[in-house]
Amino acid sequence: MDSSSPGNPVSISAGSVSVKHILLSEILSVTSVMRKNSRWASSTHSFSSHDSALASSLGLRRTKQYFDKNTMERGSTEQDLMTGFQDLKRIVKDVEDVSSLPLTTLLSPFLAIIRSPLSTGPITSSALSALHSFFLCDLITPTSYSLSGALAELSNAISRCKFETSDSSGDEVVLLKIMAVIQDAMCGSVGTMLADIEVCEMLETVLTTCCQLRLSEILRRSAEATMHALVRTVFARLHVLDPAVEEAKLTDNALDSEESEVKMSVSTKSMGGDTPVSGETDADSQVAETVVEPEPQKSSSPVINRPDYGLPSIIELLRVLINILDPNDQLHTDTTRLTALRILNVAFEVSGSRISVFPSLSTLVLDHGCKFLFQLARSDNRAVLQAALRAVSTMFETMREKLKLQQELFLAFTIDRLAPASQKPHTAPSTKNTTLSPRPGTPVPAGLDLDTDKAPSTPRLLVAPARGDTRELLLETLGHISRHSSFMVDLYTNYDCDMNCENMFERLIEFSTKGVYPSQSFGGNEFQRQQQNVQYLHLDLLLAFVNHMASRAEGAVDSWPSDFVTPEQLLLTKSRKKLVLTGTALFNTKPKTGLSFLEENKLIYTDPDEPRALSLAKFLKSSARMDKRLLGDFISRPDNIEVLKAFLSLLDFKDKSVADAMRELLETFRLPGESQQINRITEMFAEVYFATKPAEVKSQDAVYVLAYSIIMLNTDLHSPQIRKRMTIEDYTRNLKGVNDGTDFSSEYLQNIYDSIRKQEIIMPEEHTGQAGFEYAWKELLARSRQTATLMMSNTSLFDVEMFKVVWRPVVSAIAYAFITFDDDYMIERAITGFRQCATLARHFGMPDVFDYVVVSLSQATALLAESPPSQVPNHPVVEVEGQPITVSALSVRFGTNFKGQLAAVVLFNIVNGNGNALREGWTQIFEMFQNLFLHSLLPTRMLQMEDFLGGVSIIPLRRSLPNRPAPRSDGLLSALSSYLMTPYGSSVDALVPDATDADIENTLCTIDCITSCRLDELYGQIMQLDPEALVAAVRALEALAHERTVARLKQESDDVSSSGYGTPQDSSYSLPYDPASVFLLETMVSIVCQTPQHIEEIWPIVFEHLSALLVAPTQYSILLIERAVVGLLRICLILATKPSLRDQIFVSFDLLAGLPATIAGAVAEQVVAGLVLVAQYHQDIVKSQTEWSVVFALIRSTLPHTEASRQSFDLITKLVSEGPERRVTTDNYAGLIAVLDEFATAAGVAVEAQQQGRRAQALTSSNSPVVERGRKAIDILFDLKRFWAEFAEIPGMQKSQLWRQYCLPLLSSLGRQSSNVSREIRHASMAHLQRIVLGPHLPLDHTEHSQVEDLFNRVIFPLLDELLKPQVFLRDPMSMPETRLRASALLCKAFMHFEAREGQAADIRVLWIQVLDLLDRLMNVDRRDQLYEAVPESLKNVVLVMNATGLLVPPSDPDELRDSRQKELWAATQERIERFLPGFLADVVPAPTPPPPHRPVQRQSSSSDSPVAS
């Protein structure tokens, strides 16, 4: 039977063996063992006191025996014990159902054996085995008769078990059986019927056994296991007990005699040889008395209405366990404390959160429990430390709500102890200049933080920093405590947002992040292993924090309870806390400055109805970080008397003794050293304290003297420098007669003396050793009574603020771990941490966080080249499965860098889909793109260049021709075709190295990794970015491109200048071809073109780079400039769709029009192609004369290029031709004329160049496109005259304006082209000019002689001047005479048409003389020329017409018929003609006879028609 588990007894079934049989068998077993003992064997059946009944019945008289006190008691002799069993056998002999008998009767002989000191170990063991059997066979059940009394006697007997010791092993068997019976009683079915006294007795018995160090290890461990089972049973009762009812009972029964006996004590030393378990003395052990006789009524009567055990026994057990933990109690060893710690942990585990709903239990834990546990948490004994930490973590798990300040203290202490010895406790970011925690080993109340530059306010118990396994254990405990998803939120809301608590969240995160990095100390392999484990634990803390926050971001959140402080108020407190910390720090440095800051920020003096002194006093008293020494000095100054009074009024002295009041006062601030200041404080204290009407004090002066006496007494009794201590007599004598002339009572002074003697008044900043710890703990408890419970909620309301504070060190630590850690699991978790940080950054809209993640990962990829080469080296190309593979140094190196590949995959997986959260990080992304491009590792889609002419091509990695080739004349391909688009160089380059199989394999690994990164997907996602992210991406591209172009050019130019090969102003230096700059430019333009909806935001960025290239185009490679031009024009197509950016098109055109001729010729095709597209899709984009001027200037810049000029001419033709594309307006009319003039001029230049080349065949419109375009341009010019009539109808159009702005430029152009080298163009121009001048469409106002003069001076005269130049004549000697002849005819006809008309009132003398001059020159330029004969004939016609119109009248006699103007004109004409044609005028116009009236008019009319007709 003994083998049955006592904790889970197996009852004997009713059908097996009867209970009576078992009872009798156990009686036999016990008596048999008793008889084996020689002493017990002599105890035969003799007459005893029980035989007197038989003697009386038979009429016999027995001799009365006398015994001493001990022998008078039942069971005092062996005979009595044996008789008890005999009597029991007689009682049950005739009773079939033994359960009907009182249980006290059935158990009494067994309990008497157990209780008797006469018993031996085997006898006691058999009795205990019998009890165990009774529990198993259900003899002892909840329905047993007189159960309560039996259980009381059972508990009494077991707890006072005494027997003679024999061998140690046998004795320990007895103890083991005692444990089994106790477990049967408490853990079985009758356990709930035990009273608190029995439970305490049994628990005390087992606990004492656990703590008996002289017992064997196995016995103590067995007893501890039993204790664990008992504790589980006892504390499980908390789940069924009603807290209110139990606490009320506890209060009501406080004075009850029975309940007052519920006390336990534990001793680790044996009280005597015969008392291995019990802590009672022998006298105590004999108090209990076992009743053997069947007295059911008597045995049951004491337990009527006695309640089952409950809260009292649980409180007592908890009290005993906690008291054992006291590290300052020398009665207990670490072994004992270790046992108590394990038992206490079981209690916490079983009770769970129920323990906190019982105030009497939670008070024990909050005060002494935490106090002793925290002290043991700095133990050097690793087993004790581990058990203490486990108990602490379980305590926080079950009672966290009640342990706000205790948790703060433990966390601060743990962090400080884990901090390296060489470092001071770290300061959280938001609380600069304040200490944030006690130092290692110092359980001082959190929140007593002072300026970091000053000494701590409280001297501490210093403990060396944790090292080795201890460090790991502390960290694991910290991680265990913080495993809850809401832990960090709880820290933030309860501490960081609490004015009087330190920023535990920030501090814990800072501690964790710093712990990820290795310490500076060095050691062997074991140290390195421990260091690595510590780093892993720190990282685990951080990743758990990030993971929980990410889960909340995904929706796994709790609602914020309505009974908590509102989140808005907490955040307001947090922001206010920063100000308070700053103000306090300033006050601690210089009070005046601090007060000014506090007032400015409305931290004091906010209530106008509150006295300023009171407002300041409240702040000074409530600020835990105030320098207590400075505080005492400040409030005791003469000018701060009101503040001192207000400060003391805040202290509650009512109903307190003067000693306690002084203690409270002197523990609030440090008493200053100056006597006058002390006097002010004492006087004010006396006034405030006396106002509370203290007992026995008759005057304020008496209080003043008492206060001083207490200060002196405290110093005298506790100062180590004073050897002779003041006695109570001395103290009484010193205070004689000070109570308003009378003496204080001796009891009053004795109480003061005892209070100071027993507990020193420890002033702030004087706390040392244990006394300092006690003071600090007292302060913590005082604060905890005023502190609300810990708010716990897994809410996301504070995540943004939390993440803002700590994201940078967190991401840095994760990045460091990812780069340096080798453990696959930790690397995987770090990757997850990166992703979650990126998710949080996007969720919170914090691009700087996302950027930091990207930057950290990009550095880990090793894909960021420090300085990417501008010249791509030759890389071998191999074919793998039909695909060409470039084997570069990067592809080989990256293929072997597994962690770099991981980083790359993680990075691009994070960025994919999260581009909108990225800002500065785009720089790293594009840097990697650039580096991959240079090593031929990018997807093909990202290498393409879009063109207006040749479609899509690939960006070449190297150039193979000179940097600036001469413009081609075929005009079929763009400048891009001058480069061989191969990434592998040419024969003139260095030899291509060979690629090994390993290199190829590594390259394939790199390609697989890049493929996994899905770069093309990311590239496509860029086009879908939000405006802000898109602008950031384009800015990053522009910055990289600027660095490789403009910045590099400046640097290298400066280097060249400084080397003496040039001057700083020398612009001849040019950069070689850089494929990366082209790649960056193409990427930027491609992004812009695919995001037209955001053109307004990104245009300024792109244009800045493009303009920087195009203002110095000769200093860059021609391909880069061509791509810049194409990109600019592609963007212009988008700008045309945005009315707000229309002006930027013409800014761009103007930039392109200003390109140098060499560059313009190289990019002319692209320019024209882009311009044509703009005109085609946005016909109305050009609206002003200035804008047309820019467009025509751009067109003119392309004329030297044959193919470009063809497209330009087609564009011009469409503008003037009939149809929907016609766009001739007053704004572009002059520009059209100028451009057409340029085309005609270009044809002349081409013909002249051909003539100089001595080619056999002359250029004509049939064999030269240039001449053909020139010839057509003249025709178009002539056709433009038809728009004069339209312009004339425009409202407000003046005739003079029409002439000057539209007619005269057209005539001037035709006049200039009438001297063109090309014969076709020249003759066509002359013919069109003559038709217009002499035709009916010329809108010339004859009344405005200035217009006629303009015609001659700006059109006809310049034409003749040009034709008379020898060099012009030599351009075409064969046909130039004919042109001169036509020009002279035009001159004469125009003069006759406009000037030699009837009624001419203007003075034509000057113009006529100029005509004569030109005719003179034409006639004499070559006497062999036809002009020599044609000029006189033409002149003759002019003279005749002038004579007929009355302009040129010869002199007559009398000469009264001519006016002065006729006279002057005749004289001037005669004088000028006589120079080259003597007598000509007299022959043509002889002096006439006076004609009849009106006859000359008829002759004039007939004569004027003839010359014109001719």
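Bear in mind that the values here come from a model prediction, so they are computed numbers and not experimental data.

A. Broad picture of the overall build of the protein chain. Counting secondary structure elements, the protein chain contains 64 helices and four strands. Counting the 1510 residues in the protein chain, one finds 54% classified as buried. Counted over contacts in the protein chain with a minimum sequence separation of 6, partners at least 24 positions apart contribute 76%.

B. Just the packing of helix H56 (residues 1319-1334) against helix H57 (residues 1345-1363), in detail. Remark: H56 packs on H57, axes separated minimally by 13 Å, with the N-to-C direction vectors making an angle of 155°. One element, H56, and the other, H57, form an angle in the roughly antiparallel class. Regarding H56 and H57, the two cross each other, and that crossing is left-handed. On H57, the residues touching Met 1326, Leu 1329 and Val 1333 of H56 are Leu 1351, Val 1355, Leu 1359 and Leu 1363.

C. Broad picture of helix H17 (residues 359-376). Spanning 18 residues, H17 covers 24 Å between terminal C-alpha atoms, matching the ideal 26 Å at 1.5 Å per step. In H17, a bend of some 40° at Gly 369 exceeds every other bend along the element. By the criterion of burial, H17 is predominantly enclosed, with 14 of the 18 residues buried.

D. Examining the environment of Leu 344 more closely. On the secondary structure map, Leu 344 appears in helix H16 (residues 334-351). A relative accessible area of 0% places Leu 344 in the buried class. For Leu 344 and Ala 391, which are 47 residues apart along the polypeptide, the C-alpha to C-alpha distance reads 6.9 Å. If sequence neighbours within four positions are ignored, Leu 344 has contacts with Leu 318, Leu 321, Leu 325 and Leu 373.

E. Region of the structure containing the pairing of strand E1 (residues 877-880). Direction of pairing for E1 relative to strand E2 (residues 883-886): antiparallel, over a ladder of four bridges. In the sheet register, Val 878 faces E2, and the bridge partner there is Ile 885. In sequence, E1 turns back onto E2 through a hairpin of two residues, with Glu 881 there showing a positive phi of about 55°.

F. Expanded view of the environment of Val 206. Inspection of the secondary structure assignment puts Val 206 in helix H10 (residues 196-211). Since its relative accessible area comes to 0%, Val 206 is described here as buried. On a C-alpha basis, the gap between Val 206 and Met 179 in space is 6.5 Å, while along the polypeptide they are 27 residues apart. If we skip the residues at most four places from it in the chain, Val 206 touches Met 179, Ile 182, Ala 223, Thr 226, Met 227 and Leu 230.

G. Region of the structure containing the packing of helix H43 (residues 1027-1044) against helix H44 (residues 1046-1058). Between H43 and H44, whose axes approach to 3 Å, the crossing angle comes to 20°. In terms of orientation, H43 and H44 fall into the roughly parallel class. In contact with His 1042, Glu 1043 and Arg 1044 of H43, H44 contributes Val 1046, Ala 1047 and Arg 1048. Tallied by class, residues from the contact of H43 with H44 come to two nonpolar, one polar and three charged.

H. Inspection of the confidence of the model for the protein chain at higher detail. When pLDDT is averaged across the protein chain, the result is 82; 84% of the residues are at 70 or more. Overall, residues 44-50 carries pLDDT values under 50, and its contacts beyond four positions in sequence, including any with other chains, amount to nine contacts. Every residue in residues 421-461 scores below 50 in pLDDT, and together they form 128 contacts with partners more than four places removed in sequence or on other chains.

I. Representation of the pattern of salt bridges in the model. The tally for this structure, following the rule as stated, stands at 55 salt bridges. Between Arg 1142 and Glu 1187 there is a salt bridge; the shortest N-O distance is 2.8 Å. You can see Arg 1142 sitting in helix H48 (residues 1142-1153) and its partner Glu 1187 sitting in helix H50 (residues 1185-1197), a full 45 residues away along the chain. For Glu 1378, the salt bridge identified is with Arg 1382, shortest N-O distance 3.0 Å. Residue Glu 1378 and its partner Arg 1382 are located together in helix H59 (residues 1376-1394), separated by four residues, close to a single helical turn.

J. Representation of the nonpolar core. Ranked by internal contacts, the top residues of the largest apolar core, which has 389 residues, are Trp 922, Ile 925 and Phe 1149. The dominant element in this core, judged by the number of residues it contributes, is helix H47 (residues 1118-1135), at 13 residues.

K. Region of the structure containing the packing of aromatic side chains. Enumeration according to the criterion identifies 39 aromatic pairs in this entry. Their ring planes at 75° and their centres at 5.2 Å tell us that Phe 587 and Phe 634 sit as a pair that is edge-to-face. Of this pair, Phe 587 sits in helix H24 (residues 567-589) while Phe 634 sits in helix H27 (residues 628-635), placing them 47 residues apart in sequence. Each member of the pair, Phe 587 as well as Phe 634, is classed as buried. Every member of this aromatic cluster is reached through a ring pair, and the members are Tyr 492, Phe 505, Phe 545, Trp 560, Phe 564 and Phe 798. Of note, Arg 612 hangs over the ring of Tyr 605, and the distance from its end group to the ring centre comes to 3.8 Å.

L. Helix H45 (residues 1075-1090), seen in detail. Helix length check: H45, at 16 residues, gives a terminal C-alpha distance of 22 Å against a target of 22 Å (1.5 Å per residue), a fit within 8%. A large share of H45 lies buried, amounting to 15 of its 16 residues. The backbone nitrogen of Ala 1076 lies 3.2 Å from a side-chain oxygen of the residue at the head of H45, namely Asp 1074.

M. Molecular detail of unusual backbone geometry. The phi torsion at Ser 146 lies on the positive side, around 60°, for a residue other than glycine. Here Ser 146 is to be found in the loop between helix H7 (121-136) and helix H8 (147-159). Exposure remark for Ser 146: the relative accessible area of 7% places this residue in the buried category. Phi angles above zero are rare outside glycine, and Ala 862 is one such case at about 65°. By relative accessible area, Ala 862 is classed as partly exposed at 35%.

N. Broad picture of the environment of Glu 1017. Relative to the assigned elements, Glu 1017 resides in helix H42 (residues 1015-1022). With a relative accessible area of 38%, Glu 1017 lands in the partly exposed category. When the C-alpha positions of Glu 1017 and Phe 908 are compared, they lie 9.7 Å apart, and in sequence the two are 109 residues distant.

O. View of the state of the cysteines. The final tally for this structure, using the stated rule, is zero disulfides. Free of any disulfide, Cys 210 has its nearest neighbouring cysteine sulfur in Cys 211, separated by 6.1 Å.

Parameters at a glance
Residues numbered from 1 in each chain as written. Predicted model: local features only at pLDDT ≥ 70, side-chain atom pairs only at ≥ 80, totals over all residues. Heavy atoms only, no water. Helix = DSSP H or I, 4+ residues; strand = E, 2+ residues; numbered from the N terminus. Buried < 20%, exposed > 50% of the residue type's maximum accessible area, 1.4 Å probe, protein only. Contact = heavy atoms within 4.5 Å. Axes fitted to C-alpha atoms, helices over the stretch in contact; angles between N-to-C directions. Parallel < 35°, antiparallel > 145°, perpendicular 65-115°, else oblique. Left-handed = near helix turned anticlockwise from the far one by under 90°. Expected span 1.5 Å × (residues − 1). Bend = angle between axes of the 7 residues up to and from the residue. Pairing = 2+ DSSP bridges. Nonpolar A, V, L, I, M, F, W, Y, C, P; charged D, E, K, R; others polar. pLDDT = per-residue confidence, 0-100. Salt bridge = Lys/Arg side-chain N within 4 Å of Asp/Glu carboxyl O. Core = buried A, V, L, I, M, F, W, Y, C linked by side-chain atoms within 4.5 Å. Phe/Tyr/Trp six-rings, centres within 6.5 Å; stacked < 30°, edge-to-face > 60°. Lys NZ or Arg CZ within 6 Å of the ring centre and 35° of its normal. Polar contact = N/O pair within 3.5 Å; in protein donor to acceptor, adjacent residues only side chain to side chain. Disulfide = S-S within 2.5 Å.

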